[in-house]
Amino acid sequence: MNWKDLLRMSLSNLKRRRLRTFLTVLGVLIGTASIVVMISLGLGLQQSLYREVEQSGGLTMIRVSGADAGNSMMYSEASEEVEKYIDDEAVESLADLEHVERAAPVYEMTVVLLKGGYEGQVQLQAMPPDSLKAMNIPLDGGTLPASGKKQIELLYGNGIPTMFYKRGGGEGYYETGMLPEIDFMKDSLFLILDTEAYFQQQEENSGGSGQEGVGENVKQEENSIARSPVRSVQKHVVRASGMVEGSPDEYNSYYYYVYCDLDTLKQTLKKEFSGRVIPGQPTTKSGKPYPKFCYSYAQVKVEDIEYVDEVANVIRNMGYNVETNAEYLDSMKGQFAIVQAVLGGIGAVSLLVAAIGIANTMMMSIYERTKEIGIIKVLGCSLKNIRQMFLMEAAAIGLIGGVAGNALSLLLSAAINFLTGHGAAMGFDGNISYIPGWLMLASMGFAMLVGVAAGYFPALRAMRLSPLAAIRGE
């Protein structure tokens, strides 16, 4: 018998038992869809990581940090205590290293933005224009902050509107579902750089109430306590240079940040805090302002990825903390491999159950076709052909279930991405479920392989049937 005859007989046998074939295919469908969807979740996390690394400069970017400077919300578990600061001289020495394309400082601080009855505490990142340009920030409107301006221009992340609250009430977007009545591209806002003095002033203004019923002795004791005078808070009028592309529900790497030009911010800070210590800046042993302006960290761009480890080791020997995107990616890849293995294993249990169903279907088929098998053996059909016929039936069940399972997994993946706001609800940049073409092909091939493996022993049983016993028995 040729392959066409074997295929025709195999499909004919499957059609004769439609309900049993459908139920068996259904098991393979569910198993395949389970594996694909589970693995797609791990791949979605991995794709989000790749985008994050790309947006932070790619694999050739090194983050160099020294002693604490600036008020940053970003911390690294790998950082060690160092005494050197990242100042202008340090940035110049980093830029002069071999294989370094450029080095640029970054300064981070927490600031307060005010508009009408709204208040927002946000993280401000200041860097030179070329560093802002290298970040490839997608803009919904406007431009990047320009240097040489008298007033600070701000580039708002698309999630900044969600961080504003009504002053006094404390209700914001996540409590009310309502965004503040602020046109960030057109309205001027007040920027507070001295946040410590601002909150002290707020506390002072809200104090004094609720004194009824308090004893005179207690009042006198409170009044006798010497309090340091609250500094006046300077409000800087700022306007937007642009806004990051995306709605407040679309998370990305720029979501929570406000960006500005570094030189403009430095001039404003030095002017406001003339003779005083700038918040987050180091001090001398006598408590006076440090003579040099120190940055939160420096971004070092290496010529090629093959020099990243070499440059990173040189910088570590200089006495700084070093974090590379390549090291971060490698560590996360190992974690994602474990996650994908666990998720894939959970899905594989369903396919194992489907394999048992295939084996059961093929065994029942042999019992029902005992006489037919005996007749084709008497007519001269080889044992090899009989084995091939049963294996083709099992493979067809696996293939059909694999194709249908992939179709179902695509629908489930789309539903997961839609329900999670394309990753925004989970804090990811992009789809949380990602199904590449190779995963679909691999899953169909694996489903066929499972089908063939499950049908192998039933096929051997069919080969071993005695022709005369098969013809006599029914």
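Attention in this report is confined to the structure presented alongside it.

Cut-offs applied
- Residues numbered from 1 in each chain as written.
- Predicted model: local features only at pLDDT ≥ 70, side-chain atom pairs only at ≥ 80, totals over all residues.
- Heavy atoms only, no water.
- Phe/Tyr/Trp six-rings, centres within 6.5 Å; stacked < 30°, edge-to-face > 60°.
- Helix = DSSP H or I, 4+ residues; strand = E, 2+ residues; numbered from the N terminus.
- Buried < 20%, exposed > 50% of the residue type's maximum accessible area, 1.4 Å probe, protein only.
- Lys NZ or Arg CZ within 6 Å of the ring centre and 35° of its normal.
- Patch = residues over 30% accessible without salt bridge, like charges linked within 9 Å, V, L, I, M, F, W, Y side chains within 5 Å.
- Areas by Shrake-Rupley, 256 points an atom, 1.4 Å probe, with all protein chains shown as cover.
- Salt bridge = Lys/Arg side-chain N within 4 Å of Asp/Glu carboxyl O.
- Lys, Arg positive; Asp, Glu negative; His and termini not counted.
- Charge placed at Lys NZ, Arg CZ, Asp CG, Glu CD.
- Contact = heavy atoms within 4.5 Å.
- Core = buried A, V, L, I, M, F, W, Y, C linked by side-chain atoms within 4.5 Å.

Attention now moves to the packing of aromatic side chains. For the coordinates displayed, the defined rule picks out nine aromatic pairs. Between Y107 and F293, the aromatic rings sit 5.0 Å apart at their centres with planes inclined by 55 degrees, giving tilted as the arrangement. Here Y107, found in strand β2 (residues 100-115), pairs with F293, found in the loop between α8 (262-272) and β10 (297-302); they are 186 residues apart in sequence, far enough to count as distant. For the pair shown, Y107 and F293 are each scored as buried. Aromatic rings pair up to connect Y107, F293 and Y295 into one cluster. The ring of Y297 is capped by R63, whose NZ or CZ atom sits 3.8 Å from the centre of that ring.

Residues L19, F22, L23, L26 and I30 make up a contiguous nonpolar surface patch of roughly 490 Å² in combined accessible area. Assignment of secondary structure puts I30 in helix α2 (residues 18-55).

Before going further, it helps to spend a moment on a negative patch on the surface. Together, E98, E101, E303, D304, E306 and E310 make up a region of like negative charge exposed at the surface. With respect to the secondary-structure elements, E101 resides in strand β2.

In this section: unusual backbone geometry. Of note in the backbone geometry, H99 takes a positive phi value of approximately 75 degrees without being a glycine. Counting through the fold element by element, H99 comes out in the loop between α3 (88-95) and β2. Located in the positive-phi region is N136, a residue other than glycine, with phi close to 55 degrees. Following the sequence through the fold, N136 ends up in the loop between α4 (129-134) and β4 (139-142). Given the relative accessible area of 60%, N136 is considered exposed.

Bringing the environment of G401 into the picture now. Within the element layout of this structure, G401 appears in helix α12 (residues 383-419). According to the relative accessible area criterion, G401 is buried, its value standing at 0%. Counting along the chain gives 368 residues from G401 to A33, while the straight-line C-alpha distance between them is 9.3 Å. Setting aside anything within four residues of it in sequence, one finds G401 in contact with V25, V28, L29 and T32.

Of all hydrophobic cores here, the largest spans 49 residues; its most connected members are Y156 and L265. Counting residues per element, this core draws most heavily on β2, which supplies six residues. If we ignore the near neighbours within four places in the chain, the residues touching Y156 are L113, F184, L189, A240, G242, M243, V244, Y257 and V258. Counting 23 residues, the second-largest nonpolar core is a separate cluster that includes L351, I358, M389 and I435.

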